[in-house]
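Tertiary structure, described
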Amino acid sequence: MTGDSKDPYDVQRAIDASRRRFIQGALGGLTAVSLGGLTACGDDSDRRSGGGGGGGNGGTITIGYVTPRTGALAPFGEADDFVLRQMRDVFADGLEVGGATWTIEVIDRDSESDSNRAADVAQELIVDDGINLMLVSSTPDTTNPVADQCELNQVPCISTVAPWQPYYIGRGGDPASTEPAFTYTYHFFWGLEDVIGVFLAMWNQVETNHTVGGLFPNDPDGNAWGDAQNGFPPPLREAGYTLVDPGRYTNGTNDFSAQISAYKEAGAQLLTGVPIPPDFTNFWTQARQQDFRPVVASVGKALLFPSAVEALGDQGAGLSTEVWWSPSHPFTSSLTDQSAQELADAYSEDTGKQWTQPIGFAHALFEVAADVLTRSGDPSDPQAVVDALADTQLDTVVGNLDWSAGPVPNVAKTKLVGGQWRRGSDYPYEIVIVANDELPDVPTGGSVEPIA
């Protein structure tokens, strides 16, 4: 791969036993590498087998990358351009595996925030582009259909940014079994037990009546979060909280009067849920209009991103959410040696935008890919790649990933902290870490404040 840079720089480091180029520090000023400029030698079957010749005496390894770049889930893919530019530069001189240099090609596709589209582009990448490895991110709506296509077609797949329960159980895995549910598909992220723990840690800092309104859509996330056995109800009940669940609503709903009425009737002073960003904007506006004002509102998905909170205008202050990754996380990239802070700063310098949580996990996908392909011995052999995946234990910019530790086969866990959006000095809203029980090395910046 090639690309132009206004301020190019190269740094050498050791990765396993082989040497290759990588970028360290800020990447501001790099010019985007267009997909049209990436050419793999040989036909599709050559690429899948590693044939056709690449740099050195290896072949070409083609990596597919699927995320929602447009549609309701687009904030999850906001950092993709930056991460892809960085990774294409990291792999510009290829990847050394067992003394051979392999050319790395990355082909990215937009799921358009649609599960059917995600499955379609995955199939295209597998059949038409002949990829050797799939990377996919951002909500079960994207990860699950892509992973299913990879499992069906025996293509190794690494996924992230979906709680492990809707990923694993949603695809037919049995969490009670010690046998792997899947052969070719591996996942890393946190679980519902972690987000529940973080939300409880935030709620316990404020005096309330322990009554929680649940805003759960009829989608894989909402069904998992509201599930009577594996979701929020049992642990909230055990912790002494009452969950008010009016039932599932359809994504894109314009009128939340029924949900708001149920919360008000029950006297709910807390709110949780996992709506898509546009739906929460509608809900929160209507809640204020109908005088539903919870003391604390801790919401997943919709409140993860600065752009989504800014869309609420002056009504975003005090809202809280889980934090998977931030500049203050004490982790370093195995590919670029950038700390979380340096990676976030590089993103802001490159784009002029505030850092956003998916940066770290998109970057980590490529960290795992490089590590696995290197250790496989033969990156064109799917079985060698999945064997390496199963044995992965890697320190990344989002923390240590260990597929031998569970909680279920095919899944490695990451940790969470909790954050509250406050009026910022550099940006309209900035998130403050307010709960770090699970990851005390991430410093807090205060405690939870009731919503004004």
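Reading the values: the criteria
Residues numbered from 1 in each chain as written. Predicted model: local features only at pLDDT ≥ 70, side-chain atom pairs only at ≥ 80, totals over all residues. Heavy atoms only, no water. Core = buried A, V, L, I, M, F, W, Y, C linked by side-chain atoms within 4.5 Å. Buried < 20%, exposed > 50% of the residue type's maximum accessible area, 1.4 Å probe, protein only. Helix = DSSP H or I, 4+ residues; strand = E, 2+ residues; numbered from the N terminus. Contact = heavy atoms within 4.5 Å. Arc of directions from axis to C-beta. Expected span 1.5 Å × (residues − 1). Phe/Tyr/Trp six-rings, centres within 6.5 Å; stacked < 30°, edge-to-face > 60°. Lys NZ or Arg CZ within 6 Å of the ring centre and 35° of its normal. Pairing = 2+ DSSP bridges. Axes fitted to C-alpha atoms, helices over the stretch in contact; angles between N-to-C directions. 1 Å grid on protein atoms, 1.4 Å probe; cavity = no way out; pocket = protein on both sides within 12 Å on 5 of 7 lines; lining within 4 Å. Points joined across faces, edges and corners; volume = space filled by probe spheres on them. Nonpolar A, V, L, I, M, F, W, Y, C, P; charged D, E, K, R; others polar. Salt bridge = Lys/Arg side-chain N within 4 Å of Asp/Glu carboxyl O. Parallel < 35°, antiparallel > 145°, perpendicular 65-115°, else oblique. Left-handed = near helix turned anticlockwise from the far one by under 90°.

1. As for the nonpolar core
- Within the largest apolar cluster, 114 residues are counted, with the highest numbers of intra-cluster contacts made by Phe-188, Trp-203, Phe-280, Phe-283, Trp-284, Trp-325 and Phe-366.
- The leading source of residues in this core is helix α13 (residues 358–376), at 11 residues.
- Discounting residues that sit within four places of it in the chain, Trp-284 has contacts with Leu-271, Pro-294, Ala-297, Leu-312, Gln-315, Leu-319 and Ile-451.
- Formed by 21 residues, the second largest nonpolar core is a distinct cluster that contains Val-66, Val-121, Tyr-167 and Tyr-168.

2. Focus on helix α9 (residues 257–266)
- Turning to α9, its buried residues are Gln-259, Ile-260 and Tyr-263. The buried residues of α9 occupy one face: seen down the axis, they fall within an arc of 95 degrees. Away from its buried face, by an angle of more than 90 degrees, α9 presents the exposed residues Ala-258 and Glu-265.
- Looking at the packing, one finds that the buried side of α9 touches β9 (211–215), β10 (242–244), β11 (270–273) and α10 (277–289).
- One or two positions beyond α9, positive phi appears at Gly-267, with a value near 70 degrees.

3. Digging into unusual backbone geometry
- At Thr-139, a residue that is not glycine, the phi angle is positive and equals roughly 70 degrees.
- Take Thr-139: it is sitting in the loop between β6 (133–137) and α4 (140–153).
- The class for Thr-139 is buried, based on a relative accessible area of 2%.
- Residues other than glycine seldom take positive phi values, yet Asp-291 does so here, at roughly 60 degrees.
- Given the relative accessible area of 54%, Asp-291 is considered exposed.

4. Things to note about α4
- For α4, which comprises 14 residues, the first-to-last C-alpha distance of 19 Å matches the rise-based estimate of 20 Å (1.5 Å per residue) to within 8%.
- For α4, a buried count of 10 out of 14 residues is recorded, marking the element as mostly surrounded by other parts of the structure.
- For α4, the complete set of buried residues consists of Pro-140, Asp-141, Thr-142, Thr-143, Asn-144, Pro-145, Val-146, Ala-147, Gln-149 and Cys-150.
- A positive phi of about 60 degrees marks Gln-154, the residue just after α4.

5. A word on the packing of aromatic side chains
- All chains considered together, the criterion is met by 25 aromatic pairs.
- Measuring from centroid to centroid gives 5.5 Å for Tyr-263 and Phe-292, while their planes differ by 40 degrees, and the two rings are tilted. Of this pair, Tyr-263 sits in helix α9 while Phe-292 is found in the loop between α10 and β12 (296–299), placing the two residues 29 residues apart along the sequence. Of the two residues, Tyr-263 and Phe-292, neither departs from the other in class, the shared state being buried.
- A cation over a ring is seen here: Arg-171 above Phe-182, with NZ or CZ 3.9 Å from the ring centre.

6. Looking at the sheet that holds strand β16 (residues 411–412)
- Taken together, the 7 strands give an open sheet; going across it, the order is β4-β5-β3-β6-β7-β8-β16, and neighbouring strands pair in mixed fashion. Single-partner strands in this sheet number two, and they are β4 (95–97) and β16.
- In this structure, strand β3 (residues 60–67) lies alongside β6, joined through 4 bridges in parallel fashion. Looking at β6, one finds that Val-66 is bridged to Val-136.
- Contacting β6, β7 (157–160) and β8 (185–188), helix α14 (residues 382–390) crosses the sheet at an angle of about 30 degrees to β8.

7. Observations regarding the layout of surface pockets
- Considering only enclosed or pocket space, the second largest pocket measures out at about 200 Å³ in volume.
- Around the second largest pocket, the lining residues are Ser-326, Pro-327, Ser-328, Gln-354, Trp-355, Asp-426, Tyr-427, Glu-430, Ile-431, Val-432 and Ile-433.
- Residues of the lining of the second largest pocket, tallied by class, amount to 6 nonpolar, 3 polar and 2 charged.

8. Describing the side chain of His-363
- As for its placement among the helices and strands, His-363 is situated in helix α13.
- His-363 sits in the buried class, given a relative accessible area of 0%.
- Not counting residues within four places of it along the chain, the set of residues in contact with His-363 comprises Val-83, Gln-86, Met-87, Ser-333, Leu-335, Thr-336, Gln-338, Leu-343 and Val-397.

9. Some thoughts on the side chain of Gln-165
- As for its placement among the helices and strands, Gln-165 is situated in helix α5 (residues 164–168).
- Apart from the residues within four sequence positions on either side, Gln-165 is in contact with Gly-170, Gly-191, Leu-192 and Glu-193.

10. Quick word on the pattern of salt bridges
- Under the criterion given, the structure shown has 17 salt bridges.
- Between Arg-109 and Asp-129 there is a salt bridge, with its nearest N and O atoms 3.7 Å apart. One end of the pair, Arg-109, is in strand β5 (residues 100–110); the other, Asp-129, is in the loop between α3 (115–127) and β6, and 20 residues separate them in sequence.
- The exposure class assigned to Arg-109 is partly exposed, which follows from its relative accessible area of 23%.
- Asp-129 sits in the buried class, given a relative accessible area of 14%.
- Counted as one network, the salt bridges with shared partners bring together Arg-69, Asp-80, Asp-81, Arg-88 and Asp-108.

11. Looking at the packing of α9 against α10
- Contact geometry for α9 and α10: axes closest at 10 Å, N-to-C directions at 50 degrees. Between α9 and α10, the interaxial angle falls into the category oblique. In this structure, α9 crosses over α10, and the sense of that crossing is right-handed. Between α9, through Ser-257, Ile-260 and Tyr-263, and α10, the contact on the second element is made entirely by Phe-283, Gln-286 and Ala-287.
- Among the residues forming the contact of α9 with α10, the class breakdown is 4 nonpolar, 2 polar and no charged.

12. Points about empty space enclosed by the protein
- Here the structure, examined in full by the defined rule, presents 2 cavities of 30 Å³ or more.
- Considering only enclosed or pocket space, the largest cavity measures out at about 100 Å³ in volume.
- If you trace the largest cavity, you find 16 residues lining it, with Phe-76, Pro-163, Trp-190, Asp-221 and Glu-322 closest to the centre.
- Grouping the amino acids of the lining of the largest cavity by side-chain chemistry returns 11 nonpolar, 2 polar and 3 charged.
- In this structure, the second largest cavity spans a volume of roughly 40 Å³.

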